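The residues making up each chain are set out below.
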Amino acid sequence: QVQLVESGGDLVQAGGSLRLSCAASGRFFLINTMGWYRQAPAKQRELVADITNGGSTKYADSVKGRFTISRDNAKNTVYLQMNSLKPEDTAVYYCNADIRRWATTRGMDYWGKGTLVTVSS
């Protein structure tokens, strides 16, 4: 069974920084793209950033220049460094990964349970 486990969410003041981590565990063949999504109260879940296994990255316009996504393929882990945090960054942050369980199968979407980031003004 494949699991994604996030950590690093916390309460922080505006202007502060946090680093989120997400580790994939279980038996699988390959992890393709890994990413972070977030969902604020009464809002839809949105992509924050993602990174391919080759290192190509994509960011939401709202976080460009403040957040940095990275991954350690040897540890099956993706990180999100969040700087200059704003109250509007407050949300539950979810890890997502496209994982191929076997060499002969396509990738499937997996989600973590989420970690809460709260930014106070």
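About the criteria used
- Residues numbered from 1 in each chain as written.
- Predicted model: local features only at pLDDT ≥ 70, side-chain atom pairs only at ≥ 80, totals over all residues.
- Heavy atoms only, no water.
- Disulfide = S-S within 2.5 Å.
- Helix = DSSP H or I, 4+ residues; strand = E, 2+ residues; numbered from the N terminus.
- Buried < 20%, exposed > 50% of the residue type's maximum accessible area, 1.4 Å probe, protein only.
- Phe/Tyr/Trp six-rings, centres within 6.5 Å; stacked < 30°, edge-to-face > 60°.
- Lys NZ or Arg CZ within 6 Å of the ring centre and 35° of its normal.
- Core = buried A, V, L, I, M, F, W, Y, C linked by side-chain atoms within 4.5 Å.
- Contact = heavy atoms within 4.5 Å.
- Pairing = 2+ DSSP bridges.
- Salt bridge = Lys/Arg side-chain N within 4 Å of Asp/Glu carboxyl O.

Caption draft 1: Examining the state of the cysteines more closely. All chains considered together, the criterion is met by 1 disulfide. The residue that forms a disulfide with Cys22 is Cys95, at a sulfur-sulfur distance of 2.1 Å. Negative torsions about the S-S bond denote left-handed disulfides, and the value of about -80° found for Cys22 with Cys95 makes this one left-handed. Of this pair, Cys22 sits in strand 3 (residues 18–25) while Cys95 is found in strand 9 (residues 91–100), placing the two residues 73 residues apart along the sequence. Across the pair, exposure class does not vary: Cys22 and Cys95 are buried alike.

Caption draft 2: Structural context of the packing of aromatic side chains. In total, this model carries 1 aromatic pair according to the counting rule given. With a centroid separation of 5.0 Å and 65° between ring planes, the pair formed by Tyr37 and Trp111 is classed as edge-to-face. With Tyr37 in strand 4 (residues 30–39) and Trp111 in strand 10 (residues 107–111), this residue pair connects regions lying 74 residues apart in the sequence. Overall, the relative accessible area of 36% leaves Trp111 in the partly exposed class. Sitting over the face of the ring of Tyr79, Arg19 holds its NZ or CZ atom 4.1 Å from the ring centroid.

Caption draft 3: Looking closely at the nonpolar core. The biggest cluster of nonpolar side chains holds 31 residues, and the ones touching the most others in it are Trp36, Leu80, Met82 and Tyr93. Put simply, the parts of the chain that give this core at least two residues each are strand 3, strand 4, strand 5 (46–51), strand 7 (67–72), strand 8 (77–82), strand 9 and strand 11 (115–120). It is strand 9 that provides the largest number of residues to this core, a total of 5 residues. Beyond its immediate chain neighbours, meaning those up to four positions away, Tyr93 contacts Glu6, Leu20, Trp36, Tyr37, Arg38, Val48, Phe67, Leu80, Met82, Gly114, Thr115 and Val117.

Caption draft 4: Looking closely at the pairing of strand 8. In terms of residue burial, strand 8 counts as a mostly covered element, since 5 of its 6 residues are buried. Direction of pairing for strand 3 relative to strand 8: antiparallel, over a ladder of 6 bridges. Residue Leu18 lies in a different strand from strand 8, and its bridge partner there is Met82. Taken together, the 6 bridges between strand 7 and strand 8 define a ladder with antiparallel strand orientation. Residue pairing in the sheet places Ile69 in a bridge with Leu80 of strand 8. If you look at the hairpin formed by strand 7 and strand 8, you'll find 4 residues sitting between the two strands, and Asn76 has a positive phi there, around 55°.

Caption draft 5: Broad picture of the pattern of salt bridges. Throughout the structure, instances matching the rule amount to 5 salt bridges. With a closest N to O distance of 2.9 Å, Arg38 and Asp89 form a salt bridge. Taken together, the positions of Arg38 in strand 4 and Asp89 in the loop between strand 8 and strand 9 put the pair 51 residues apart, joining distant regions of the chain. You'll find Arg38 and Asp89 in the same group, each marked buried. Residue Lys58 is joined to Asp50 by a salt bridge in which the shortest nitrogen-to-oxygen separation is 3.7 Å. Looking at Asp50, the relative accessible area reads 13%, which means it is buried.

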